[in-house]
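# Examining the three-dimensional arrangement
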Amino acid sequence: MTWNPDSILALTAELKDLLGERGVSTELRARERASADGSYLSPIITEQLPLGLADLVAYPTSAEQIAEVVAAAVRHGVGITPRGKGTGNYGQAIPMQDGLVLDMSRARAITEVGDGFLTAEAGASMAVLEQAANDAGQQILMYPSTANSSLGGFLSGGSGGTGSVANGMNHQGFVTALDVVHAVPDARLVHVDGDEAQPFVHTYGTAGIIARATIRLEPRQDWRAFYASFDDFGQVLSLIRSFAALTPTPRLVSGDLAALSDALPNDAALPAGRASLRGILEVTTIDAATRLVEAAGGRVEAVRDGVMDSMKMSMISYNHPIEWLQKTAPGKYFHIEVGGEALIEQIDAVHAVYDGGMLHIEAQQSGPIGMLAGIYESAEQVYAGFAVLNALGVGVHNPHHWEVDHEVERTRALAQVTDPQSLLNPGKLPLATAAVSA
Ligand SMILES: Cc1cc2nc3c(=O)[nH]c(=O)nc-3n(C[C@H](O)[C@H](O)[C@H](O)COP(=O)(O)OP(=O)(O)OC[C@H]3O[C@@H](n4cnc5c(N)ncnc54)[C@H](O)[C@@H]3O)c2cc1C
């Protein structure tokens, strides 16, 4: 335990008064559950687990209660690790210095759905927000492949997903306003709009807890889940740009080698031994997409209508093919995040960087990105590949660490004001700028 045991006891008692007996837990199972996240995807981090264990877990049920919990923790001098659904990769939500885990998954009210915007509490799930937007004839600009994860967690730890082909990343204007909580003894909800809200996005809660957020909506479109298959991954790659350029822009364009597609859950639209190209496509582009697939020598396997089918396709995008691959051979594979046109133009050289190299590719507004898997030997072997990839023109993001690597200087400057005692998500904001290329 990093924090004064008497302070933990006093905080537990105060939070029970505030939230009731069911609003706080010091039971080991609850503390362990609240101290784990998606870091099992990284063999490098897995070797270092456990990295921390919550002393207590609080479950506020409203944005206002989130502020009251933060205020109490600050008054008792106890570190606070914010948490949504705990699906974030790489230890972002692990309480590295123990202390309080602030689980916000029960604070999930949708307070307003307006024309072009939606306001909800941090714990609301992205899938539920999409449903609420759909009910109002709209859609959210983007949601991650972990569609059941929380709004606060996606804004704080995530970056993009379904919708990013047209709308970019979640720190590029997706958020229009936030109610944040600073780590001060009289903490309350602080409303920030527009540009003032952006510095709180993708910073793991180190500069403030997001208690409520307003995100942009756009008019609802008529989507289809489109599945095609090919003899060869090269045919898939040859279509990534043309699919991304369909008008209206697709919501998602994903491609997999046969070996990765075979690791996905059984589906007649993912035939064994064939490379897969999938897209959430606007209905009027289906004919054009079909022509592109046939001209490239592939075949269309399915075109499915309905929100659930689109959501299902989202849930096998981004990191999910890697997660499924790892299930087929536990402990065997690692992955890194890569980006750039070289993923299409130099795929053989990219695959050759690591033993067993396999690329899962996604189209994004900024160009193709991907998850490159390989057979794991050691951290040194993983890092040695970065320079080789850079030389090929491939940008690399290292997913095997838990420190904030977006706008670090800006976040540090903000946190000096909003978290003067460094109590927010301790251990995540690096003291010196991390060298990371995206
Ligand atoms: C298989 C797999 C696929 C994934 N696919 C995607 C993807 O497509 N796109 C993507 O962007 N991410 C993806 N992720 C990462 C992650 O699932 C998402 O970013 C998700 O939206 C995180 O939400 P969460 O509720 O689980 O957050 P958590 O894991 O609980 O938290 C994430 C981070 O935010 C902090 N935090 C949580 N809530 C708040 C809050 N209210 N205020 C301040 N800080 C907070 C936490 O401390 C942590 O640092 C994937 C992960 C896995 C394992």
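These numbers were taken from a predicted model, which means no experiment stands behind them.

### What about the overall build of the chain?
A tally of helices and strands in the chain yields 17 helices and 18 strands. With the principal axes as the frame, the chain shows a C-alpha extent of 70 × 50 × 35 Å. Accessible surface, the chain as shown: approximately 16700 Å² in total, 52% of it carbon and sulfur.

### Focus on the confidence of the model for the chain
Where the model shows low pLDDT, its predicted coordinates should not be examined in detail. With 98% of its residues at a pLDDT of 70 or more, the chain shows a mean pLDDT of 97. Considering only residues more than four positions removed or in separate chains, one finds that residues 433-438, a stretch of pLDDT under 50, has 10 contacts.

### A few points about the site of the ligand
Neighbouring the ligand are 36 residues; Pro82, Thr87, Ser145, Ser159 and Gly160 lie closest to it. Its free accessible area being 960 Å², the ligand has 97% of it covered by the protein chains. The set of elements that each furnish at least two residues to the shell around the ligand consists of β3 (80-83), α6 (151-157), β10 (209-219) and α13 (320-328). Looking at the shell around the ligand element by element, the count peaks at five residues for α6. For the shell around the ligand, the class distribution of residues is 11 nonpolar, 22 polar and three charged. Looking at which domains feed residues into the shell around the ligand, each of domain 1 (5-103) and domain 2 (110-220) gives three or more.

### A look at the side chain of Ser62
Tracing the backbone shows Ser62 in the loop between β2 (56-58) and α4 (63-75). Under the relative-accessibility criterion, Ser62 is labelled buried at 17%.

### Let's talk about the nonpolar core
The nonpolar side chains of a soluble globular protein tend to be buried, and buried together. If you look at the biggest cluster of nonpolar residues, it comprises 65 residues, and the most contacted ones within it are Phe230, Phe233, Phe243, Ile336, Val338, Tyr354 and Leu389. Among all residues touching Phe233, those that are not within four sequence positions of it are Gly255, Asp256, Leu257, Ala275, Ile347, His351, Leu359 and Ile361. If you look at the next biggest cluster of nonpolar residues, it comprises 32 residues, including Val180, Val190, Ala213 and Leu217.

### Regarding the domain arrangement of the chain
Annotation of the chain at the domain level lists domain 1 (5-103), domain 2 (110-220) and domain 3 (222-311). Listed as interface residues are 14 residues of domain 2 and, on the opposing side, 11 residues of domain 3. Taking both sides of the interface into account, the surface hidden between domain 2 and domain 3 amounts to around 950 Å²; carbon and sulfur atoms contribute 58%. Counting the surface domain 2 buries against domain 3, the share from its top three residues, Tyr143, Thr162 and Val165, is 46%. For the interface between domain 2 and domain 3, the tally reads one salt bridge.

### Notes on the sheet that holds β3
Within the open sheet, the four strands sit side by side as β1-β2-β4-β3. Their pairing is mixed. Both outer strands of the open sheet, β1 (24-25) and β3, are each paired with one neighbouring strand and no more. Bridge analysis of β3 against strand β4 (residues 100-103) gives four bridges, and the strand direction is parallel. Pairing of Thr81 across the sheet is with Val101, part of β4. Contacts from helix α1 (residues 5-19) reach β1, β2 and β4 within the one sheet, and its direction differs from that of β2 by about 25°. Where α4 meets the sheet, it contacts β2, β3 and β4, and its direction lies at approximately 175° from that of β4.

### A short note on the pairing of β10
Counting buried residues in β10 gives nine out of 11 residues, a clear majority hidden from the surface. Two elements, strand β6 (residues 117-121) and β10, share five bridges in a ladder whose sense is antiparallel. Along β10, the bridge assignment pairs Glu121 with Arg212. Sheet analysis places strand β8 (residues 175-181) next to β10, joined by six bridges and oriented antiparallel. Counterpart to Val175 in the pairing with β10 is Ile215.

Reading guide: rules and limits
- Residues numbered from 1 in each chain as written.
- Predicted model: local features only at pLDDT ≥ 70, side-chain atom pairs only at ≥ 80, totals over all residues.
- Heavy atoms only, no water.
- Helix = DSSP H or I, 4+ residues; strand = E, 2+ residues; numbered from the N terminus.
- Areas by Shrake-Rupley, 256 points an atom, 1.4 Å probe, with all protein chains shown as cover.
- pLDDT = per-residue confidence, 0-100.
- Contact = heavy atoms within 4.5 Å.
- Near = heavy atom within 4 Å.
- Nonpolar A, V, L, I, M, F, W, Y, C, P; charged D, E, K, R; others polar.
- Domains from an automatic or database assignment.
- Buried < 20%, exposed > 50% of the residue type's maximum accessible area, 1.4 Å probe, protein only.
- Core = buried A, V, L, I, M, F, W, Y, C linked by side-chain atoms within 4.5 Å.
- Buried area = accessible area lost by both parts, 1.4 Å probe.
- Salt bridge = Lys/Arg side-chain N within 4 Å of Asp/Glu carboxyl O.
- Pairing = 2+ DSSP bridges.
- Axes fitted to C-alpha atoms, helices over the stretch in contact; angles between N-to-C directions.

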